[in-house]
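Below are the chains, spelled out letter by letter.
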Amino acid sequence: MHGEHARIIADSVTQAVSKRGVRELSLRLFELYFARYPETREYFRDTDLQSFAPRKFSTIAEFFVDTVEHPEFAEHHVSFEVYRHLSYDVHDAEYYYAMVDVFLQVITEAIED
């Protein structure tokens, strides 16, 4: 069952990327993220989003498919990401879930376009 959900998500990401490209999708991801959570902009103040955003988008896509396909590892992955980001002074796990929420919106927008 999880494998089928993971395949649907992966196919949706592929479809969105073929319509808009990773760069456009990734910049839209951060546009929406900052609009919803303006306080997070400070965490990226020294980041070149033009180069960082596509890498982050691809990482989120892989991470999302992985955690759906292997839910037993999802909690560990999220915990690891939260711990890793402490070095950037990011302490709120909700921001990770928010990023996934925005990611899904970006994919949906691209597919429905």
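Scroll up to find the structure this text is about.
Bear in mind the structure is a predicted one, so any value in this text is a computation, not a measurement.

Draft legend 1. Structural detail: helix α1 (residues 2-20). The terminal C-alpha atoms of α1 lie 27 Å apart, and with 19 residues this matches the ideal 27 Å at 1.5 Å per residue to within 8%. For α1, every residue scored as buried is listed here: A6, I9, V13 and A16. One side of α1 holds all its buried residues, which, seen down the axis, span an arc of 90 degrees. Facing away from the buried side of α1 by over 90 degrees, the exposed positions are T14 and S18. Of the residues one or two after α1, G21 is the one with positive phi, at around 85 degrees.

Draft legend 2. Region of the structure containing the packing of aromatic side chains. Applying the stated rule across the entire model yields nine aromatic pairs. Here F30 and F52 contribute two aromatic rings whose centre-to-centre distance is 6.0 Å and whose plane-to-plane angle is 55 degrees, an arrangement assigned as tilted. In this pair, F30 sits in helix α2 (residues 22-36) while F52 sits in helix α3 (residues 49-69), placing the two residues 22 residues apart along the sequence. Note on F57 and F103: the rings are 5.1 Å apart at their centroids and 45 degrees apart in plane angle, and the pair reads as tilted. Of the two residues, F57 sits in helix α3 while F103 sits in helix α5 (residues 94-112), which places them 46 residues apart along the sequence. Here F57 falls in the buried class, since its relative accessible area comes to 2%. One aromatic cluster is present, formed by F30, Y33, F34, Y37, F44 and F52 through successive ring pairs.

Analysis parameters
- Residues numbered from 1 in each chain as written.
- Predicted model: local features only at pLDDT ≥ 70, side-chain atom pairs only at ≥ 80, totals over all residues.
- Heavy atoms only, no water.
- Helix = DSSP H or I, 4+ residues; strand = E, 2+ residues; numbered from the N terminus.
- Expected span 1.5 Å × (residues − 1).
- Buried < 20%, exposed > 50% of the residue type's maximum accessible area, 1.4 Å probe, protein only.
- Arc of directions from axis to C-beta.
- Phe/Tyr/Trp six-rings, centres within 6.5 Å; stacked < 30°, edge-to-face > 60°.

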